[in-house]
Amino acid sequence: MSSEPVLTDSPAGPAVLFDGEDDAFFLDSNPLQGLRTFTLEVVFLPASDGPPEQRFLHFGFADGERVLLETRVTEEGRWYLDSFVQKGDANKALIDPELLHPADRWYHLAYVVDDGRLENYVDGKLELSAEIPFTPLEGGRTSIGVRLNRVFWFKGAIHSIRISPEALESESFTRPAL
C-alpha cells in the first residue's frame, strides 16, 4: 500500500513532494490513449539523494505497451533523463548518461511523440531524438511517482504535468517561473 505524497512549495506554486519510498498516485485511465501525436510536459525537481533509477510517470500497462519518463541519479547527485516507449514489438529509450544535470533544482521536461518521431527536451533544449513504428496506446492506466508495478520510486517534487494532443515546438512549451 502506497502512502500519499504531500504538498510543498515551488517557484511556480504548489507542488507534490514524493519520498522515493512509497509515495505515488495511481489513475485508472491513460490520458495518452488514442494519441498518435502528443507532447508530454513535466515541471519537476529531482532529489540528489533519490534512488539511482526512478520512474516518475508511467502510462499504459506495467508490462507491454507503455510510455515512461524516468531519471537516473548518479552517486555525485546529478541526473539524466530516460524517456521510453514500447508499442508492439518496437521499443525505444532516449537516454544518454553524458547529458547530466545538477539535481535539487526545478526543470521543465518535454517528451514529443509525432507519429513515430520521438524527442526529449530539458529546459527547452533538445537532448535526444529517434524514430520508432508507433500507433496509439490502447487502454492501460497511469502512475505518478513510480512505475505501475510499484518499483523504481521517485524522490523529488512535481509541479505540473501537461499533455497536449499535438507535437509542440519548443517555443510553445509551458514556461513556468522556475
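Further up the page is the structure itself.
So, here's what we can say about the structure. The model shown is predicted, which means the values in this text are computed figures rather than measured ones.

1. A closer look at the sheet that holds strand β14 (residues 155-164)
In space, the seven strands of this open sheet follow the order β1-β2-β14-β4-β10-β11-β12, with antiparallel pairing throughout. This sheet does not close on itself; its edge strands, each paired only once, are β1 (6-10) and β12 (125-131). On average, each strand axis in the sheet is tilted by 30° relative to the strand beside it, whichever way the strands run. Bridge count between strand β4 (residues 37-46) and β14: eight bridges; the pairing is antiparallel. Counted as the bridge partner of Pro-46 is Gly-156 from β14.

2. What to know about the packing of aromatic side chains
Evaluation of the coordinates by the stated rule reveals nine aromatic pairs. With 5.1 Å between their ring centres and 80° between their planes, Trp-79 and Tyr-107 make a pair best called edge-to-face. Within this pair, whereas Trp-79 is found in strand β7 (residues 78-87), its partner Tyr-107 is found in strand β10 (residues 107-114), the two being separated by 28 residues in sequence. Both residues of the pair, Trp-79 and Tyr-107, belong to the buried class. Three or more aromatic residues joined by ring pairs form one cluster here, namely Phe-18, Phe-25, Phe-44, Phe-56, Trp-79, Tyr-107 and Phe-154. For Arg-55, the ring lying beneath its charged end belongs to Phe-152, and the centroid distance is 3.8 Å. The ring of Tyr-107 carries Arg-105 above its face, with NZ or CZ at 4.1 Å from the centroid.

3. Looking at the environment of Lys-92
Here Lys-92 lies in strand β8 (residues 90-95). Setting aside residues no more than four positions away along its own chain, Lys-92 makes contact with Ser-83, Phe-84, Val-85, Leu-118, Ala-130 and Ile-132.

4. What about the side chain of Arg-147?
Examined against the element boundaries, Arg-147 turns out to sit in the loop between β13 (141-144) and β14. With relative accessibility at 11%, the residue Arg-147 sits in the buried group. A polar side-chain atom of Arg-147 sits 2.7 Å from the main-chain carbonyl oxygen of Ala-62. Contacts of Arg-147, omitting those with residues within four sequence positions, involve Phe-26, Arg-55, His-58, Ala-62, Asp-63, Arg-66 and Phe-152.

5. A look at the pairing of strand β5 (residues 53-60)
For β5, a buried count of seven out of eight residues is recorded, marking the element as mostly surrounded by other parts of the structure. As paired elements, β5 and strand β6 (residues 66-73) share seven bridges and run antiparallel to each other. Among the inter-strand pairings, Phe-59 is bridged to a residue of β6, identified as Val-67. Hairpin connection of β5 to β6: five residues between the antiparallel strands, including Gly-64 at a positive phi of 95°.

Criteria and thresholds
Residues numbered from 1 in each chain as written. Predicted model: local features only at pLDDT ≥ 70, side-chain atom pairs only at ≥ 80, totals over all residues. Heavy atoms only, no water. Pairing = 2+ DSSP bridges. Helix = DSSP H or I, 4+ residues; strand = E, 2+ residues; numbered from the N terminus. Axes fitted to C-alpha atoms, helices over the stretch in contact; angles between N-to-C directions. Phe/Tyr/Trp six-rings, centres within 6.5 Å; stacked < 30°, edge-to-face > 60°. Buried < 20%, exposed > 50% of the residue type's maximum accessible area, 1.4 Å probe, protein only. Lys NZ or Arg CZ within 6 Å of the ring centre and 35° of its normal. Contact = heavy atoms within 4.5 Å. Polar contact = N/O pair within 3.5 Å; in protein donor to acceptor, adjacent residues only side chain to side chain.

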